Amino acid sequence: MTDVQNNLQSVLKNIPQNIKLVAVSKFHPAQSVIEAIEAGQNLFGENRVQEAAQKFDEIREKGYNPELHIIGSLQRNKVKEAVRIASMIESVDRTELLDEIEKQCAKINKTIQILFEIHTGEESKSGFESKDALEAALKNFEKGMYPHIQIKGFMTMAPLTQDEALIRKSFKTLKNLQSQIQKEYPAYDFGELSMGMSGDYKIAIEEGSTMVRIGTAIFGARDYSK
Ligand SMILES: *Cc1c(COP(=O)(O)O)cnc(C)c1O
């Protein structure tokens, strides 16, 4: 077994079967992704569209068929490429983005899944800031503006801190928002809660995560100079 495969096994031991693992392969090469695929992992996350497109086109050309989520903040001019390569965009942080996602999905006749990214911690910069902002987006769904977009739930990043109470608070905020919104908008399914990364996924699972996004603990440290 390779390091990636060993790490993957160790991480999987800590994650209950019913929780999805998104293996975050940003900054790591196609070869590392293939090692994970060969060990049984089929779902990956990337936060930069261009890097993801190159890497996953290469992997798919080799005959593998992994599923990909975009998890990083997305510029409008990258949406076309993002919807081509991904099955889900976890980082929808503003209504304007939904307009572009709908437009690009309509062109290729594809339905894409999304999560609403919510700003719950001090340090993360992206995400809907308030319930009002989120509800403006939901009103557009109710008007039928997004036939090619399927809502699946919410995503958040906890603050990067050692303070476990702050991390927990951030996850609880997301869980509470989910319960409220699900009650107010019963026509949609907000069941997925994407929360938890290498440093905090055990806490996230305790707080109700259904999907964890783990990079470093599987692929090792990232080399940002590349
Ligand atoms: C990079 C990244 C992760 C994974 O972080 P690790 O600490 O390496 O596990 C998870 N979520 C998002 C949004 C990321 O950008």
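Structural data are supplied above this passage.
Computed from a prediction, not measured in an experiment: that's the story for all the values here.

Rules and cut-offs
- Residues numbered from 1 in each chain as written.
- Predicted model: local features only at pLDDT ≥ 70, side-chain atom pairs only at ≥ 80, totals over all residues.
- Heavy atoms only, no water.
- Helix = DSSP H or I, 4+ residues; strand = E, 2+ residues; numbered from the N terminus.
- Rg over C-alpha atoms; globule rule 2.2 N^0.38 Å.
- Areas by Shrake-Rupley, 256 points an atom, 1.4 Å probe, with all protein chains shown as cover.
- Lys, Arg positive; Asp, Glu negative; His and termini not counted.
- Charge placed at Lys NZ, Arg CZ, Asp CG, Glu CD.
- Contact = heavy atoms within 4.5 Å.
- Axes fitted to C-alpha atoms, helices over the stretch in contact; angles between N-to-C directions.
- Parallel < 35°, antiparallel > 145°, perpendicular 65-115°, else oblique.
- Left-handed = near helix turned anticlockwise from the far one by under 90°.
- Nonpolar A, V, L, I, M, F, W, Y, C, P; charged D, E, K, R; others polar.

## Quick look at the overall build of the chain
Tallying secondary structure elements over the chain gives nine helices and eight strands in all. For a compact globule of 226 residues, the expected C-alpha radius of gyration is about 17 Å, and the chain comes in at 17 Å, within 12% of that figure. Principal-axis analysis of the C-alpha atoms places the extent of the chain at approximately 50 × 45 × 35 Å. Working note: accessible area of the chain is about 10,800 Å², and carbon and sulfur atoms make up 47% of it. Once the 29 positive and 32 negative side-chain charges of the chain are each reduced to a mean point, those two points are 2 Å apart.

## Some points on the environment of Ala39
Considering the arrangement of structural elements, one finds Ala39 in the loop between helix H2 (30–38) and strand E2 (43–46). Sequence separation between Ala39 and Ala158 is 119 residues, and the spatial gap between their C-alpha atoms is 29 Å. Among all residues touching Ala39, those that are not within four sequence positions of it are Gln5, Leu8 and Gln9.

## Let's talk about the packing of helix H1 (residues 3–13) against H2
In contact at an axis separation of 9 Å, H1 and H2 are set at 50° when each is read in the N-to-C sense. It follows that H1 is oblique to H2 by the angle criterion. Here H1 runs over H2; the crossing is right-handed. Of the residues in H2, those touching H1 at Val4, Gln5 and Leu8 are Ser32, Glu35, Ala36 and Glu38. Split into classes, the residues belonging to the contact of H1 with H2 amount to three nonpolar, two polar and two charged.

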